[in-house]
Amino acid sequence: DAGVTQSPTHLIKTRGQQVTLRCSPKSGHDTVSWYQQALGQGPQFIFQYYEEEERQRGNFPDRFSGHQFPNYSSELNVNALLLGDSALYLCASSFGVNTGELFFGEGSRLTVL
Amino acid sequence: AQSVTQPDIHITVSEGASLELRCNYSYGATPYLFWYVQSPGQGLQLLLKYFSGDTLVQGIKGFEAEFKRSQSSFNLRKPSVHWSDAAEYFCAVGAWEYGNKLVFGAGTILRVKS
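Residues numbered from 1 in each chain as written. Chains lettered and ligands numbered in written order. Predicted model: local features only at pLDDT ≥ 70, side-chain atom pairs only at ≥ 80, totals over all residues. Heavy atoms only, no water.

A.B. asks: Would you take a moment to explain the pairing of strand β10 (residues 87-94) of chain B for this structure?
C.D. replies: A regular strand carries its side chains on alternate faces of the sheet. All names here are of chain B. Most of β10 is tucked away: eight of the eight residues are buried. Bridge analysis of strand β5 (residues 32-38) against β10 gives seven bridges, and the strand direction is antiparallel. Bridged to W35 within β10 is C91. Pairing of β10 with strand β12 (residues 108-113) involves three bridges; the strand directions are antiparallel. Following the sheet pairing, Y89 is matched in β12 by T108. As judged from the two bridges shared by β10 and strand β11 (residues 103-104), these two strands associate in the antiparallel manner. Within β11, the residue paired with V93 across the bridge is V103. (Buried < 20%, exposed > 50% of the residue type's maximum accessible area, 1.4 Å probe, protein only. Helix = DSSP H or I, 4+ residues; strand = E, 2+ residues; numbered from the N terminus. Pairing = 2+ DSSP bridges.)

Here it is in structure tokens:
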């Protein structure tokens, strides 16, 4: 049973560029949430997708956007990258939007130079 | 405002000794409470969760936590620490009203000395 898989695992971008991160949820899960974890901090909620719609959003600017596909996989897009966007981006999946029990992937480490 | 405080940034214990990691929360709704563990370069693994009912919850790897509503705390405990427990531990709070939006503490790094 595959868990949550994310790609790429590491990537380096320069300021102003755009990045797309991908996530496949755990088998049987239909909801995907994205979190940003800056160095030395706990994860911060970015947004949650269910039924291909954004259902909840944290305190992140519109430069952060996402998408969920019919197979429940998801993408996180960040435009106009800033140095402060450097972080580990974690995808978490669940069955339903209110379970509260999340299964996390190993993350995508983004470095912005 | 919703917040989670983990007062200890680092804790060092000897292998075989007992462990308690502290967590305090401030949350407007009836909380769900979680402890996650993160090894270097890894994602988060759920250790245990509290939704309702018995305030002492058992988790994986021999961990337990106790929910104390009067103190707004959810401390994690283990009676005997193993070297493999060295990792970073995160307390998190959520609520049914907020879906899967969890608020995490800043984490406590556990070092185990032999």
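A.B. asks: Any chance you could explain the pairing of strand β4 (residues 31-37) of chain A here in plain terms?
C.D. replies: Residue and element names in this part refer to chain A. Across the seven residues that make up β4, a large majority, seven, are buried. Taking the residues between adjacent antiparallel strands as the criterion, β4 and strand β5 (residues 44-50) are bridged by six residues, where G40 takes a positive phi near 80°. In this structure, β4 lies alongside strand β9 (residues 87-94), joined through seven bridges in antiparallel fashion. Opposite W34, over in β9, you have C91 as the bridge partner.

Keep in mind these values describe shape, not function.
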